[in-house]
Amino acid sequence: WGGAAATAVASLTLLDLLVNDDLDIITDKFRHRLTKEEMKDRPNLVILGTGWASLCLLRKLYTDRYNVTIVSPRNYFLFTPLLPGTTTGTTESRSIMEPIRKYCRRSDADDVTFIEAECLQVDPVKKTVKCYDNSAVKGEVSEFELPYDQLVMGVGAESATFGIPGVKENACFLKEISDTRSIRDRMIDCFETAGYPGQPDAEIDRLLHFVIVGGGPTGVEFCAELNDFITNDVKKAFPKHLTDRCRVTLVEALPHILTVFDKNIIDHVEKKLQSSPTTKIWTQTAVTGVKEREMIVRDAEKKERSVPYGMLVWATGNAPRPVTQKLIQSIGPEVQNVRRGLVVDEYFRVKGADGIWAIGDCSVTPLAPTAQVASQQGRYLGRLFNDISEDLHQKKQGQMNDQEFTADLKKKPLFKYRHMGTLAYVGDKSAVFQIKDADNKTTTSEGLATFLLWRSAYLSKCLSIRNRVLVAFDWTKASIFGRDVSRG
Ligand code: FAD
Ligand code: NAI
C-alpha cells in the first residue's frame, strides 16, 4: 500500500509539472541570479494576496529581479476546491493550507518579504498602499504605508450578499478556513441542541433544517458533502428520532442549479441530490431576508413566506472586496466602468492606473472567476515579469519612458487560457465533468469514474507533495473510520 501510494503521489506530481508547464521550477535552480549589490534599486514589486493568483505568480517569479513584498491578511495559501469537504471533516483544514513563508525563502540574496496585514487602500497617484494589522495581536505599530513601483492586485473577491438584510449577521459563508470551522460547529451544535430533553417538535424541526442559498458550484458541492456526512456519519452517531427529522434545502433563484453545466448534467445532479430523502431543491426561489432563526423566501409567484432554519450557508457568488471597490472609484468611471472588478488590458494592467496589475477574481475578464483561471493568470504574469524585469528596472531609473515600455510590452506573448474542463463533486462518490472542444462541442461525464477523475485531478493540483500526501491520507481515513461528529 505504501509503495502504491508513493508511486501515485509521484506520478501525480510529475503529471502536474508537465500539464501545468511547471518544469521551469527545476530549471530556475540553474539560472544566473543577481547578487545583493546588483539587486539594489531594483523595482519594488508589491503583491497583494496569497491566493491562487498571487502564489502562482510568486512561484514563477525571478525574485532577484525585484524587491518583492507580499501583503495579505492570511499567511497561508488555501486550496479552495477542497473547502466544501473540510466543513464535514472529509479533509482536515491543515491539509489544504500551505504556509506562504515556505515560498518566501529563496536564497540569502533574494528573500521575499511577507507582511501579514490587510491592504485598506491603494493610492494610484502617490503609488502607495495603506495597510493595517487586522489580527488579534497588535504591536505599537499596526498601520503602515508601503511604496510600490509595480503593484499586483491578487485580493480575490468576497461573498456577494446583494445588501440583503440580515445575511452578514446571520448566515455562514464558505470562503475561508475559519468558515469551515463555523459551519461544522454550528451544524453539530444544532444536532446536540435538538436532543435537549423537552425540546418542542417545531423547534427540533427548525434546528435540523439546514439551508444552502445559491445553487452554483459552491452551494452544490457543499450540499453534496453535507448529504454524505448526514447519511454516512451523523445517522450512525445520533438518535434515529433526530436524524429522521433532518432536512437539507438548496435554494436557487434561477429555474435550475449549476447553470454553468450542460442540461444533461443539470438534470442528473438535480435528480441525484433530490434522491436523498433529506434533500429538497427549491428553484425559482429567492431569499430576500435572513433573520436569526428564519429566512424570508420569495417564490416564482412572487409570494413571500418565512422559513425557520437551524443553519444557513450563503453561497451566491462573488463581489469585489472593499480595497478593489475603492481603487475602482479612485481611478474613475471613465475607464473602470464595471462593478464586478478591475478592468484590465490584455497584459493584466489595470486600465487608468500606471504600474498596477490585477489577476484572479478581483479582475474582470471574459473568463469565469475560478482557481483554474487565476492560477494560469498568475503563472503568465510571473513569466511576463521575468521577461520585462530589465524594462521595468530602466523605467524606474528614468531610462525608459511609458511609450517605449508599452511598445516593448506589446512584443511579448499574450495570455492564452487552457481550459482543462469543469469538475464538481455531487455526493455519494459521484462527480460531474464537462469540457468544450475548439468547435464548441461539449463532452460530459458523471458517476464513479468521474469521481475518481475529480479526486486525482485535485490531488495533482495540490501545490506541494506534503499536501498531496495529507489529503490522500484524510480521504483514506474518512473512508475507513468515518468522519468525526464532535464539535470544535
Ligand atoms: P483567492 O484565492 O481568494 O485569494 C485572495 C487572497 O487575497 C487571499 O490570500 C486573501 O487573504 C487576500 N486578501 C483579501 N483581502 C486582502 C486585502 N485587503 N489586502 C491584501 N490581501 C487580501 N475554482 C476552481 O477552478 N475549481 C474549484 O473546484 C473551485 N472550488 C471552489 C470552492 C469554493 C468553496 C470556493 C469559495 C471557490 C472555489 N473555486 C474553484 C473558485 C476559486 O477558489 C477562486 O476562483 C480562486 O480562489 C481565485 O483566486 P484569487 O487568487 O483571485 O483569490
Ligand atoms: P455562482 O455565482 O456560480 O452561483 C451563485 C448562485 O446563487 C447563482 O445560481 C444565483 O442565481 C444564486 N443566487 C443569487 N442570489 C440568490 C438569492 N438571493 N436566493 C437564491 N439564490 C440566489 O457562485 P459560486 O457557486 O459561489 O461560485 C463562484 C465561482 O467559483 C464561480 O465562478 C464558480 O464556477 C467557481 N467555483 C467553481 C467550482 C468548481 O469548478 N467545482 C466550485 C466552486 C466554485
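Basis of the calculations
- Residues numbered from 1 in each chain as written.
- Chains lettered and ligands numbered in written order.
- Predicted model: local features only at pLDDT ≥ 70, side-chain atom pairs only at ≥ 80, totals over all residues.
- Heavy atoms only, no water.
- Helix = DSSP H or I, 4+ residues; strand = E, 2+ residues; numbered from the N terminus.
- Rg over C-alpha atoms; globule rule 2.2 N^0.38 Å.
- Contact = heavy atoms within 4.5 Å.
- Areas by Shrake-Rupley, 256 points an atom, 1.4 Å probe, with all protein chains shown as cover.
- Lys, Arg positive; Asp, Glu negative; His and termini not counted.
- Charge placed at Lys NZ, Arg CZ, Asp CG, Glu CD.
- Pairing = 2+ DSSP bridges.
- Axes fitted to C-alpha atoms, helices over the stretch in contact; angles between N-to-C directions.
- Domains from an automatic or database assignment.
- Buried area = accessible area lost by both parts, 1.4 Å probe.
- Salt bridge = Lys/Arg side-chain N within 4 Å of Asp/Glu carboxyl O.
- Polar contact = N/O pair within 3.5 Å; in protein donor to acceptor, adjacent residues only side chain to side chain.
- Buried < 20%, exposed > 50% of the residue type's maximum accessible area, 1.4 Å probe, protein only.
- Expected span 1.5 Å × (residues − 1).
- Near = heavy atom within 4 Å.
- Nonpolar A, V, L, I, M, F, W, Y, C, P; charged D, E, K, R; others polar.
- Core = buried A, V, L, I, M, F, W, Y, C linked by side-chain atoms within 4.5 Å.

Broken down by element type, the protein carries 16 helices and 25 strands. Expected size for 488 residues packed as a compact globule is a radius of gyration near 23 Å; at 24 Å, the protein falls within 12% of this value. Within the protein, contacts between residues at least 6 apart in sequence are counted, and of these 65% link residues at least 24 apart. Surface exposure of the protein reaches about 23,100 Å², of which carbon and sulfur atoms provide 55%. The centroid of the 65 positive side-chain charges in the protein is displaced by 2 Å from the centroid of its 63 negative side-chain charges.

Time to look at the sheet that holds strand 6 (residues 118-123). Strand pairs in the sheet, formed through backbone hydrogen bonds, run parallel or antiparallel to each other. Strand order in the open sheet made by the three strands is 6-7-8, with antiparallel pairing throughout. Whereas interior strands pair on both sides, the edge strands pair on one side only; in this sheet they are strand 6 and strand 8 (143-147). Going across the sheet, the axis of each strand differs from the next one's by a mean of 25°, ignoring polarity.

Bringing the domain arrangement of the protein into the picture now. Partitioning the protein into domains gives domain 1 (32-159 + 319-409) and domain 2 (167-316 + 421-481). Here the C-alpha centroids of domain 1 and domain 2 sit 32 Å apart. In this assembly, 33 residues from domain 1 lie in contact with 31 residues from domain 2. Together, the buried faces of domain 1 and domain 2 total about 2,800 Å²; carbon and sulfur atoms form 58% of this surface. Put simply, domain 1 and domain 2 have three salt bridges between them. Glu 176 is the salt-bridge partner of Arg 321, the closest N and O atoms lying 4.0 Å from each other. Linking domain 1 to domain 2 there are eleven residue pairs in polar contact (both at pLDDT 80 or more). Every element with two or more residues in the side of domain 1 that touches domain 2 is listed here: helix 3 (52-60), strand 3 (76-78), helix 4 (83-86), strand 4 (97-99) and strand 10 (157-159). The leading source of residues in the side of domain 1 that touches domain 2 is helix 4, at four residues.

Under the counting rule described, the total for this entry stands at 28 salt bridges. Across the salt bridge formed by Glu 390 and Arg 42, the nearest N and O atoms sit 3.0 Å from each other. Note that Glu 390 is positioned in helix 13 (residues 389-396) and Arg 42 in the loop between helix 2 (24-27) and strand 1 (44-48), a separation of 348 residues in sequence. When its relative accessible area of 37% is taken as the criterion, Glu 390 is described as partly exposed.

The terminal C-alpha atoms of helix 15 (residues 448-461) lie 20 Å apart, and with 14 residues this matches the ideal 20 Å at 1.5 Å per residue to within 8%. By the burial criterion, the buried members of helix 15 are Thr 450, Phe 451, Trp 454, Tyr 458, Leu 459 and Ser 460.

Note that Arg 186 resides in helix 6 (residues 177-194). According to the relative accessible area criterion, Arg 186 is partly exposed, its value standing at 30%. As a C-alpha pair, Arg 186 and Gly 488 span 302 residues in sequence and 9.5 Å in three-dimensional space. Discounting residues that sit within four places of it in the chain, Arg 186 has contacts with Cys 172, Glu 292, Tyr 309, Gly 310 and Met 311.

As a further point, take the site of ligand 1. Near ligand 1 there are 30 residues, and of these Thr 50, Ala 53, Thr 80, Asp 361 and Tyr 458 occur at the shortest range. Between ligand 1 and Thr 80, the relevant distance is 2.5 Å, taken from an oxygen atom to a side-chain nitrogen or oxygen of the residue. One of the backbone nitrogen or oxygen atoms of Asp 361 is found 2.8 Å away from an oxygen atom of ligand 1. Compared with its free state, where it exposes 990 Å², ligand 1 has 91% of that area covered by protein. For the shell around ligand 1, the secondary-structure elements that each account for two or more residues are helix 3, strand 2 (67-72), helix 4, strand 6 and helix 12 (371-387). Among the elements that take part in the shell around ligand 1, helix 12 stands out by supplying three residues, more than any other. Tallied by class, the residues present in the shell around ligand 1 amount to 15 nonpolar, eleven polar and four charged.

Quick look at the nonpolar core now. Core analysis: the largest hydrophobic core is formed by 118 residues, its most contacted members being Val 122, Met 153 and Phe 385. Considering each element in turn, this core owes the most residues, eight residues, to helix 8 (residues 217-237). Two domains each provide a minimum of three residues to this core, namely domain 1 (32-159 + 319-409) and domain 2 (167-316 + 421-481). Apart from the residues lying within four places of it in its own chain, the contact partners of Phe 385 are Leu 45, Leu 57, Leu 61, Tyr 66, Val 152, Trp 357 and Leu 392. Core analysis: the next-biggest nonpolar cluster, separate from the first, contains 16 residues, Ala 171, Val 251, Trp 282 and Val 290 among them.

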